[in-house]
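Listed below are the residues making up each chain.
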Amino acid sequence: MIPKSEVLDTLFGIRDALSDMIIALSPTNANEAAELAQLVARRDRITGSINFLIAAAFNEAAAGLAAPFADLEAKTAQLKSLNQTLANIATAIQVADQIVQIAATIATIAAG
Amino acid sequence: MKHASIILLLTLVWACGTPYLDAAGEFAKATGASATILGGMTDLAHQLCLERAHLDYLVHRLEGSNKLDAHGNIDPRRGQPVPFARYFSAAQIPVPGGEPPTQSWETHCSQVGVADQLATKALQALSAYANALQTVAVTDFTGSNVKQLGTDAGALARALTQNTSSTTNKVAAISGAVSELAGTLEKQYAEAKVKDIVTTADPDVKTILAGLISYLDAVGEEGTDATHLLRTLLADADTKLSSPDPVALLTLQNISARWQSDLQSKLQALSRMSAALSSLSDAESNLAAAAGKKAPDLGMVLADVNDVVTNIQAIQKAF
């Protein structure tokens, strides 16, 4: 049993972490500015995932939810462990992409 | 002294009541108590949606990422800065796994607004049901207004289902029950089968109540989302304060307090609505359970209930 509110709370925390990183960083060259723009785009995808999940039917008892939710929590921990430095943007983007995928998987399983 | 006598009389009436009378009275009481609270539901989801859109815009504004390309995609590097109105209508928020894959805040909030209307219709159907239970024996109720409710609910539900990415699927699910309940009330009145109203209407009433509770849960999630966005916005604003300017700090503190208070009020209203719906669900369960038992004719029972409710209202006004 994975409550929808727990999945959403996790995503809220992820978006908070990404937003904190975005506001804390000041790019010093074009490459860093491009990476920061990509990070903004990933954060906005998390917002979209949140909107989608709020809208969707969600069967909290659906079989197979536990594994992706555990993955989501693990990725969240990984993201939050990153220091807010320009050197970590690429990793943050990569983890955020994985999180969006996991969130979509959870939504699909819970809707089934 | 007069008031004390009336209260004593009412106490005796309730104490001597049948299970049916008690249950119907509970439903009537719960509906009355809930009506004012639930009235605030009218556009709460839409309000929260607008608030979320504003907060999302302001977060982007502080980041300098409120910039859109020609297609409405957010592009902090090549896009053009836009004000809120443009961001609200044109910015395409990605919806991973959704169809279509992006959605503007304006579209999103407009769908939420339609859901509000349907939720309001559902509440009106419940009120009609409660009023019907109270007035069946003493008024010439034709049910024509109730029928219109069902028609309206059907039209709103069709509007909702045309938008598959709507945040309002849950509300669409109860529209059938609203129509069914409206039809049931109309038919039972027309055929004067008042005794069967509770038994016949109960499944639809339960579906409507469950749908509304679920809808409020979804609105609550939007409220939680708004809370997070507000926290991010205020933290961003704090970070962006380049110098310890006392005026700027006080202004931020003032804005922070007011916005948090406003959001808190909405969340508290949501909480009260959820509690009210919960009470109504319990009352309906009791009423349905009593309907299955051997009891006096419902019309007679409800006439008594109506008298009791009228007296209670008179007492409340007197005080």
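Summarised in this report is the structure supplied together with it. (Residues numbered from 1 in each chain as written. Chains lettered and ligands numbered in written order. Predicted model: local features only at pLDDT ≥ 70, side-chain atom pairs only at ≥ 80, totals over all residues. Heavy atoms only, no water.)

**Here we look at the overall build of chain A**
The helix and strand tally for chain A stands at four helices and zero strands. In chain A, the succession of helices and strands from N to C terminus is α-α-α-α. Taking 13 Å as the expected radius of gyration for a compact globule of 112 residues, we find that chain A reaches 15 Å, a close match to that expectation. Principal-axis analysis of the C-alpha atoms gives chain A an extent of 50 × 25 × 15 Å. Within chain A, the fraction of its 112 residues that count as buried is 53%. Considering only intrachain contacts with a sequence separation of at least 6, the fraction spanning at least 24 residues in chain A is 84%. Placing the 7 positive and 11 negative side-chain charges of chain A at their respective mean positions leaves the two points 4 Å apart. (Helix = DSSP H or I, 4+ residues; strand = E, 2+ residues; numbered from the N terminus. Rg over C-alpha atoms; globule rule 2.2 N^0.38 Å. Buried < 20%, exposed > 50% of the residue type's maximum accessible area, 1.4 Å probe, protein only. Contact = heavy atoms within 4.5 Å. Lys, Arg positive; Asp, Glu negative; His and termini not counted. Charge placed at Lys NZ, Arg CZ, Asp CG, Glu CD.)

**Side note on the packing of helix H1 (residues 4-24) of chain A against helix H3 (residues 66-81) of chain A**
All names here are of chain A. Packing of H1 against H3 brings their axes to within 10 Å, and their N-to-C directions diverge by 20°. Viewed along their axes, H1 and H3 adopt a mutual orientation that is roughly parallel. As for how H1 packs across H3, the hand of that crossing is left-handed. Between H1 and H3, the contacting residues are Glu-6, Val-7, Thr-10, Leu-11, Gly-13, Ile-14, Ala-17 and Leu-18 on the first element and Phe-69, Leu-72, Thr-76, Leu-79 and Lys-80 on the second. In the contact of H1 with H3, the residues fall into eight nonpolar, three polar and two charged. (Axes fitted to C-alpha atoms, helices over the stretch in contact; angles between N-to-C directions. Parallel < 35°, antiparallel > 145°, perpendicular 65-115°, else oblique. Left-handed = near helix turned anticlockwise from the far one by under 90°. Nonpolar A, V, L, I, M, F, W, Y, C, P; charged D, E, K, R; others polar.)

**A word on the pattern of salt bridges**
Counted according to the given criterion, the structure contains eleven salt bridges over all chains. A salt bridge links Asp225(B) to Arg15(A), with the nearest nitrogen and oxygen atoms 2.5 Å apart. Placement of the pair is Asp225(B) in helix H8 (residues 197-240) and Arg15(A) in helix H1, with the two residues belonging to separate chains. Here Asp225(B) falls in the buried class, since its relative accessible area comes to 0%. On the basis of relative accessible area, Arg15(A) is assigned to the buried category, the value being 2%. Overlapping salt bridges bring together Arg15(A), Arg52(B), Glu222(B) and Asp225(B) as one network. (Salt bridge = Lys/Arg side-chain N within 4 Å of Asp/Glu carboxyl O.)

**A closer look at a negative patch on the surface**
Residues and elements named next belong to chain A. A cluster of like negative charges, contributed by Glu-6, Asp-9, Glu-60 and Glu-73, occupies part of the molecular surface. Looking at where Glu-6 falls in the secondary structure, it is placed in helix H1. On the basis of relative accessibility, which here comes to 38%, the residue Glu-6 falls in the partly exposed class. (Patch = residues over 30% accessible without salt bridge, like charges linked within 9 Å, V, L, I, M, F, W, Y side chains within 5 Å. Areas by Shrake-Rupley, 256 points an atom, 1.4 Å probe, with all protein chains shown as cover.)

**What about the interface of chain A and chain B?**
Each partner contributes to the interface: chain A provides 27 residues, whereas chain B provides 34 residues. Overall, the association of chain A and chain B removes approximately 2,400 Å² of surface from exposure, summing both partners, and the carbon and sulfur fraction of that is 61%. When the area that chain A buries against chain B is broken down by residue, the three leading residues are Ile23(A), Asn51(A) and Ile54(A), summing to 24%. Linking chain A to chain B there are three salt bridges. In this structure, the salt-bridge partner of Glu63(B) is Arg43(A), at a minimum N-O distance of 2.6 Å. (Buried area = accessible area lost by both parts, 1.4 Å probe.)

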